[in-house]
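The lines below spell out each chain.
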Amino acid sequence: LKVSNTIAQDLKSHLADIRSIYFAGGEPLIMPEHFEVLKYLHENMKVEQFQLSSTDFFNARRLSIHYNTNLSVIKYDEHDLIDLWRGFYKVFLSISCDGVNEVGEYQRTGFNTKRFEENLNTVKKYANPRNVFEQNHGINYNFQYTTTIWNVYHIFDFINYLMDKEYITSSEHIDFYYACGPAYSSLNNLQEGEKNKVINFLQNGIENYSLSEKTINELTQIISFIKAGPNTPYENEVYHQTKTLDEINKTHWSVLKGVNFNNLKM
């Protein structure tokens, strides 16, 4: 659903004094409106010189850009987006990724680990992992991981994967969230036995992995969310919805090596 077929053109008259812009999803990097606005800003904003230290200077357009992106593409019609990003004072990529390999490709239909790595390796040549609240210039990025019944047992594998590949230097470069809906995807809707297994898994991870304080706080919030509800059991819906998704996507939950969905069948 588009707000307007001319939204990119309509925005241009309001961009003269812009200092910050946020491109959210769907997926902004595949949208023609995003590219039209980005190219307009790159061509029309004045390049200024910024002094970073007594000997370090930085030429850029005075604009901070924030993205939510799945990084499925980093070009638009063969135009290299990184070439444009490098011309702005600050670009921050919040990379949405809910797992890699079998788990990531199960959790998010259409996700391709090989393509993701290729794009991330290209970004990494010009960008650094950061906490989103750090003050910095240039291109920076972090990761956003939404935790569900399908990828919860992949959390520490995901941290290790990003650390081993040197995509991050600390677990604080990942923001861990939890899905509240649809109900059948949400951890708080597992039966009590499965909930307790998940809670024990997370608590053991907190105790045995080298995690940032930020990560520990986020995982503790997930545990509290799991404990909080619901009053109505959803395990039958969890089983049948997962079974239906497997039939549609020609997958099987056993690749997740986590929740035993057969135990939820009623």
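Here, the structure is the one placed above.
Residues numbered from 1 in each chain as written. Predicted model: local features only at pLDDT ≥ 70, side-chain atom pairs only at ≥ 80, totals over all residues. Heavy atoms only, no water.

Draft legend 1. Representation of the overall build of the chain within the structure. Scanning the chain for helices and strands turns up 9 helices and 9 strands. For the chain, the spread of C-alpha atoms along the three principal axes comes to 65 × 45 × 35 Å. Once local pairs closer than 6 in sequence are excluded, the contacts in the chain between residues at least 24 apart make up 73%. By element, 47% of the accessible surface of the chain is carried by carbon and sulfur atoms, the whole surface being about 14,000 Å². When the 25 positive and 32 negative side-chain charges of the chain are each reduced to one mean point, those points stand 3 Å apart. (Helix = DSSP H or I, 4+ residues; strand = E, 2+ residues; numbered from the N terminus. Contact = heavy atoms within 4.5 Å. Areas by Shrake-Rupley, 256 points an atom, 1.4 Å probe, with all protein chains shown as cover. Lys, Arg positive; Asp, Glu negative; His and termini not counted. Charge placed at Lys NZ, Arg CZ, Asp CG, Glu CD.)

Draft legend 2. Highlighting the nonpolar core. With 71 residues, the main nonpolar core has W85, F143 and F261 as its most contacted residues. Examining the composition of this core, we find that 6 residues originate from one element, helix α6 (residues 155-164), more than from any other. (Core = buried A, V, L, I, M, F, W, Y, C linked by side-chain atoms within 4.5 Å. Buried < 20%, exposed > 50% of the residue type's maximum accessible area, 1.4 Å probe, protein only.)

Draft legend 3. The arrangement of the packing of helix α7 (residues 192-208) against helix α8 (residues 213-227) in detail. α8 packs onto α7 with a crossing angle of 165° between their chain directions and a minimal axis gap of 10 Å. Of the possible angle classes, the one that applies to α7 and α8 is roughly antiparallel. Like other packed secondary-structure pairs, α7 and α8 cross with a definite hand, here left-handed. Residues K195, V198, I199, L202, Q203 and I206 of α7 touch α8, and the partners they reach there are I216, L219, T220, I222, I223, I226 and K227. Residues that form the contact of α7 with α8 fall into these classes: 9 nonpolar, 2 polar and 2 charged. (Axes fitted to C-alpha atoms, helices over the stretch in contact; angles between N-to-C directions. Parallel < 35°, antiparallel > 145°, perpendicular 65-115°, else oblique. Left-handed = near helix turned anticlockwise from the far one by under 90°. Nonpolar A, V, L, I, M, F, W, Y, C, P; charged D, E, K, R; others polar.)

Draft legend 4. Representation of helix α2 (residues 32-44) within the structure. An ideal rise of 1.5 Å per residue puts 18 Å on 13 residues; α2 measures up with 18 Å between its terminal C-alpha atoms. Along α2, the residues that are buried comprise E33, H34, F35, V37, L38, L41 and H42. (Expected span 1.5 Å × (residues − 1).)

Draft legend 5. Examining the pairing of strand β6 (residues 88-96) more closely. The buried count for β6 comes to 8 of 9 residues, which makes it a mostly enclosed element. Pairing of strand β3 (residues 57-69) with β6, which is carried by 7 bridges, proceeds in the parallel orientation. Directly across from S64, in β6, lies its bridge partner K90. (Pairing = 2+ DSSP bridges.)

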